[in-house]
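# An overview of the molecular structure
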Amino acid sequence: SICQSLLCLDLVSFPVLISSYLFVSSLDALFVCLPPALSTSSNSLSDNIQLVLKSPCHGVLLPGLLRVFPDAKFVMIKRPPEISVPSTASLLYNVCKDIFRARKVERGACREMALAPIKLTKNNIKEVETIPNKLVELDYNKLVADPAGVVEYLHQELGIKDSIDPEFRAAIEKYVEDHPSDKFGKHRYNMEEFGLSKEKIEELA
């Protein structure tokens, strides 16, 4: 089967739901628009298509997504929190600076936004882990070191019948070569600028 990546399709793509996100008692209410949207996105494709949605936002919403899409499978890329938390805080800080140009953006607020989803995501993963063949966990460093090998592993774990032939592997390696992580500049950040330390992150996470 063919994987069709919809890299920008996630809850953030539905502005009408954003305000509701803060107030609804059941997160299931947020997913009512997703099946029609997916149907619209894929109605011109064959029945042999697997839709792949990529968004870190889904980590805090796994149970609700699973109730709406019972056949879904999830891939969770794991990275040490002492790296991922300040990285996320820095990303939020820079994005917010661009959005709220006339306002001062507090690093402390970005730190809290980066920390908030961690416990919820961890609890959700534990819940999904109780269901066989629903979750595949990957080490971030392995993905960076051997992306083609990780894709092959995912195909095996997710039951995707397409084989990773030499041409496919070469295409992945060529893409990685042409798109280095620092192609558009290196993302520089540190824990201290957001009032963080490894010990504090471990305690809060």
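Throughout what follows, the structure given in this document is the object of discussion. (Residues numbered from 1 in each chain as written. Predicted model: local features only at pLDDT ≥ 70, side-chain atom pairs only at ≥ 80, totals over all residues. Heavy atoms only, no water.)

### Quick notes on the overall build of the protein chain
How we decide: Numbered from the N terminus, helices here are DSSP runs of H or I no shorter than four residues, and strands are runs of E no shorter than two. Think of it in three bands: residues with accessible area under 20% of the maximum for their type are buried, residues over 50% are exposed, and the middle band is partly exposed, with areas taken using a 1.4 Å probe on protein chains only.
Helix and strand counts for the protein chain stand at nine helices and four strands. Within the protein chain, buried positions represent 29% of all 205 residues.

### Details of a nonpolar patch on the surface
Inclusion rule: Each patch is built from residues lacking any salt bridge and having more than 30% relative accessible area; the joining distance is 9 Å for like charges and 5 Å for nonpolar side chains (Val, Leu, Ile, Met, Phe, Trp, Tyr). Exposure was quantified through the Shrake-Rupley algorithm and a 1.4 Å probe, taking into account, for residues, occlusion by the shown protein chains and nothing else. We define a salt bridge as a side-chain nitrogen of Lys or Arg found within 4 Å of a carboxyl oxygen belonging to Asp or Glu.
Among the surface-exposed residues, Leu91, Val95, Ile99 and Phe100 lie close enough to one another that they form a single nonpolar patch of about 370 Å² accessible area. Take Val95: its relative accessible area is 38%, and that puts it in the partly exposed class.

### Quick look at the environment of Tyr189
Keep this limit in mind: We call two residues in contact when some of their heavy atoms are within 4.5 Å.
Structurally, Tyr189 is set in the loop between helix H8 (166-178) and helix H9 (198-204). Along the sequence, Tyr189 and Pro86 sit 103 residues apart, while their C-alpha atoms lie 6.9 Å from each other. Apart from residues no more than four positions distant in its own chain, Tyr189 is found in contact with Arg79, Ile83, Pro86, Ser87 and Ser90.

### Looking at the packing of helix H4 (residues 81-99) against helix H5 (residues 107-129)
This is how the line gets drawn: Axis lines are fitted to C-alpha atoms, over the contacting stretch for helices. Their N-to-C directions set the angle, which ranges from 0 to 180 degrees. Any angle that falls under 35 degrees is termed roughly parallel, while one over 145 is termed roughly antiparallel, one within 65 to 115 roughly perpendicular, and all others oblique. Crossing chirality is assigned from the near helix's rotation relative to the far helix, an anticlockwise turn below a right angle marking it left-handed and a clockwise turn marking it right-handed. Lys, Arg, Asp and Glu make up the charged group, whereas Ala, Val, Leu, Ile, Met, Phe, Trp, Tyr, Cys and Pro make up the nonpolar group; the residues left over, Gly among them, are polar.
Interhelical geometry of H4 versus H5 gives an angle of 130° and a closest axis separation of 8 Å. With respect to H5, the axis of H4 lies oblique. By crossing handedness, the relation of H4 to H5 is classed as right-handed. Two secondary-structure elements touch here, H4 through Val85, Thr88, Ala89, Leu92, Tyr93 and Cys96 and H5 through Arg107, Cys110, Arg111, Met113, Ala114, Leu115 and Ile118. Here the residues of the contact of H4 with H5 are counted per class, giving ten nonpolar, one polar and two charged.

### Points about the nonpolar core
Keep this limit in mind: Remark: nonpolar core denotes a set of buried residues (Ala, Val, Leu, Ile, Met, Phe, Trp, Tyr, Cys) joined through side-chain atoms within 4.5 Å.
Counting 13 residues, the largest nonpolar core has Val85, Phe194 and Leu196 as the members making the most contacts within it. When contributions to this core are tallied by element, the ones reaching two or more residues are H4 and H5. For Phe194, the contacting residues outside a window of four places in its chain are Pro86, Ala89, Ser90, Tyr93, Arg107, Cys110 and Arg111. Of all hydrophobic cores here, the second largest spans eight residues; its members include Leu62, Met76, Ile125 and Val128.

### Describing the side chain of Thr121
Checked against the element boundaries, Thr121 lands in helix H5. On the basis of relative accessible area, Thr121 is assigned to the buried category, the value being 15%. For Thr121, the contacting residues outside a window of four places in its chain are Gly59, Val60 and Met76.

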